[in-house]
Amino acid sequence: MKYDVIIVGGGPAGLTAGLYSARHKLKTAVFEEGVVGGQITLTTYIENYPGTGSLSGMELAARMKKQTEEMGATVVKEHVIEIKKRGEGKFNVKTERGTYECKTIIIATGAAHRKLGIKSEDDFVGKGVSFCSTCDAPLFQDKTVAVIGGGNSALESALYIADIAKETYIIHRRNEFRGEEYLAEKISKNAKIEVLWDTLVTEIKGKTMVEKLILKNVKTCKVSELKVDGVFIYVGVTPLNQLAKGVGVELSDKGFIEVDWDTQQTSIPGVFAAGDVTGRLLQIGVAVGEAIIASTSAYKYIKNLQK
Ligand code: NAP
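Residues numbered from 1 in each chain as written. Predicted model: local features only at pLDDT ≥ 70, side-chain atom pairs only at ≥ 80, totals over all residues. Heavy atoms only, no water.

K.L.:
Explanation requested: the packing of helix α1 (residues 12–23) against helix α2 (residues 57–71) in the structure shown.
P.N.:
At a minimum axis distance of 8 Å, the contact between α1 and α2 shows a crossing angle of 20°. Taken together, α1 and α2 sit at an angle that is classed as roughly parallel. α2 is crossed by α1, and the crossing has left-handed handedness. Contacts from Pro-12, Leu-15, Gly-18, Leu-19, Ala-22 and Arg-23 in α1 reach Ala-61, Met-64, Lys-65, Gln-67, Thr-68 and Met-71 in α2. (Axes fitted to C-alpha atoms, helices over the stretch in contact; angles between N-to-C directions. Helix = DSSP H or I, 4+ residues; strand = E, 2+ residues; numbered from the N terminus. Parallel < 35°, antiparallel > 145°, perpendicular 65-115°, else oblique. Left-handed = near helix turned anticlockwise from the far one by under 90°. Contact = heavy atoms within 4.5 Å.)

So, in structure tokens, the structure goes:
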């Protein structure tokens, strides 16, 4: 199958790039192996995407997908294994089902949640350890839950979980949040949330399910235990850059794709990137903006090929 533009990743950046490319009358496919919408589908309430009011990430993703498909882009649910440049304006995109050809690529593979890096974290995934409050908070009705992290994701999740759980702790390694003051203020006013500052989780313990956390105060070095039924880990994100690495685009020392900010062009002509994988401010609005630039640049790239 041949396309003008293949977009890899179906989060806000990928879907927006699909919408704009299709609107440019380019034959467009958006490849997404997982849930269309990406990271936003893990977000319970989105309050800071203009014009939509407060809505769930799932709802925003569904609306974006619908609009992109109605404009004429195809959403393909296949896992992309490799991107290869064969020549100017000639790319192959290999999936487990076959190889697709296209003239230009937009990489919008996003970022994934980071892990704490303690051994017991993996042992309890699905047994009380979760990386998605939207998915799993309802399991902790009237129970005790800890949220680890001090960024916007941890704060938003804690506020959501506190509506459901009996007690919610936020465990943060410093004595001030990284997340927005707006959220920090809401946390401080919520009687069902207690913040444990300057605290690291060194171990998660339980027989089959999570039962307690071993904590260490970084200032006093005091070790303590906290009985919990669930742990939500929100300690940042890491770029999903495997395909970008494979095709050979330049990455920053943190692994984000380096782009020219005026065009979203990567170090390889014809390969553009947008969204969280470029490492700019991680916001839906920014991802959408980058995708608009990337798809407009991809359109110009194709027009130049025809000259
Ligand atoms: P983040 O902003 O990078 O925050 C990660 C938090 O985890 C930080 O507080 C960090 O502590 C802590 N942390 C990192 N490694 C840790 C470790 N090994 N042990 C304990 N704590 C650790 O990540 P995020 O909250 O996932 O957000 C990612 C991006 O998405 C951010 O740019 C955020 O603004 C954005 N976002 C925006 C919204 C929104 O606008 N509504 C919602 C969600 C996310 P330190 O503070 O000490 O570094």
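Further notes follow.
K.L.:
What should I look at first to understand the site of the ligand in this one?
P.N.:
Neighbouring the ligand are 19 residues, the closest being Asn-48, Glu-156, Arg-174, Arg-178 and Gln-283. With respect to the ligand, the side chain of Arg-173 contributes an N or O atom lying 2.9 Å from an oxygen atom. The side chain of Arg-174 places a nitrogen or oxygen atom 2.7 Å from an oxygen atom of the ligand. For the ligand, the protein covers 80% of the area, taking 910 Å² as the surface of the free molecule. Within the shell around the ligand, the residues separate by chemical class into four nonpolar, nine polar and six charged. (Near = heavy atom within 4 Å. Polar contact = N/O pair within 3.5 Å; in protein donor to acceptor, adjacent residues only side chain to side chain. Areas by Shrake-Rupley, 256 points an atom, 1.4 Å probe, with all protein chains shown as cover. Nonpolar A, V, L, I, M, F, W, Y, C, P; charged D, E, K, R; others polar.)

K.L.:
In this structure, what is going on with helix α8 (residues 284–305)? I would like to understand it.
P.N.:
Three or four residues apart is the spacing at which side chains of an α-helix point the same way, because the helix has 3.6 residues per turn. Under the 1.5 Å per step criterion, the end-to-end length of α8 is 31 Å for 22 residues, consistent within 8% with the ideal 32 Å. Within α8, the full set of buried residues consists of Ile-284, Ala-287, Val-288, Glu-290, Ala-291, Ala-294, Ser-295, Ser-297, Ala-298, Tyr-301 and Ile-302. (Expected span 1.5 Å × (residues − 1). Buried < 20%, exposed > 50% of the residue type's maximum accessible area, 1.4 Å probe, protein only.)

K.L.:
Looking at this structure, how should I read the packing of α1 against α8?
P.N.:
Each pair of packed helices can be summarised by the angle the axes make with each other and by the distance between the axes. Contact pair α1 / α8: the axes reach a minimum separation of 8 Å and the direction vectors enclose 35°. In this structure, the crossing between α1 and α8 has a hand that is right-handed. Residue-level contacts link Pro-12, Ala-13, Thr-16, Ala-17, Tyr-20 and Ser-21 of α1 to Ile-284, Ala-287, Val-288, Ala-291, Ile-292 and Ser-295 of α8. For the contact of α1 with α8, the residue count by class is nine nonpolar, three polar and no charged.

K.L.:
Please clarify how the nonpolar core should be interpreted in this entry.
P.N.:
Within soluble globular proteins, side chains that are nonpolar tend to cluster in buried spots. Of all hydrophobic cores here, the largest spans 52 residues; its most connected members are Ile-6, Leu-60, Ile-83, Ile-106, Ile-107, Ile-257 and Ile-284. At eight residues, the largest contribution of residues to this core is made by α8. Setting aside its immediate chain neighbours within four residues, Ile-6 contacts Ala-29, Phe-31, Val-93, Tyr-100, Glu-101, Cys-102, Thr-104, Ile-105 and Ile-106. One finds Val-147, Ala-158, Leu-183 and Ala-184 within the second-largest nonpolar core, a separate group that totals 22 residues. (Core = buried A, V, L, I, M, F, W, Y, C linked by side-chain atoms within 4.5 Å.)

K.L.:
I keep staring at unusual backbone geometry and nothing clicks. Help me out?
P.N.:
One can expect most non-glycine residues to show negative phi and most peptide bonds to be in trans. One non-glycine residue, Asp-142, lies in the positive phi region at around 60°. The topology assignment puts Asp-142 in the loop between α4 (133–136) and β9 (144–148). Overall, Asp-142 belongs to the exposed group, its relative accessible area being 54%. Phi angles above zero are rare outside glycine, and Cys-221 is one such case at about 65°. Tracing the chain through its elements places Cys-221 in the loop between β13 (212–217) and β14 (223–227). Classification of Cys-221 by relative accessible area gives partly exposed; the value is 47%.

K.L.:
I'm lost on the packing of aromatic side chains in this one. Help?
P.N.:
Remark: the centre distance and the inter-plane angle together describe each pair of aromatic rings, the angle taken between the planes. Counted under the stated rule, the structure contains six aromatic pairs. Here the aromatic rings of Tyr-3 and Tyr-100 are separated by 6.4 Å at their centres, their planes lie at 35°, and the arrangement is tilted. Highlighted residues: Tyr-3 in strand β1 (residues 2–8) and Tyr-100 in strand β6 (residues 99–107), separated in sequence by 97 residues. By relative accessible area, which is 12% here, Tyr-100 ends up buried. Look at Phe-140 and Phe-232: their rings are 5.6 Å apart centre to centre, the planes differ by 80°, and that puts the pair in the edge-to-face class. Separated by 92 residues along the polypeptide, Phe-140 in the loop between α4 and β9 and Phe-232 in strand β15 (residues 230–233) bring together distant segments of the chain. Neither Phe-140 nor Phe-232 differs from the other in exposure class; each is buried. Positioned above the aromatic ring of Tyr-3 is the side chain of Lys-27, whose terminal nitrogen or guanidinium carbon lies 5.1 Å from the ring centre. Stacked on the ring of Trp-261, the Lys or Arg Arg-280 has its end atom at 3.9 Å from the ring centre. (Phe/Tyr/Trp six-rings, centres within 6.5 Å; stacked < 30°, edge-to-face > 60°. Lys NZ or Arg CZ within 6 Å of the ring centre and 35° of its normal.)

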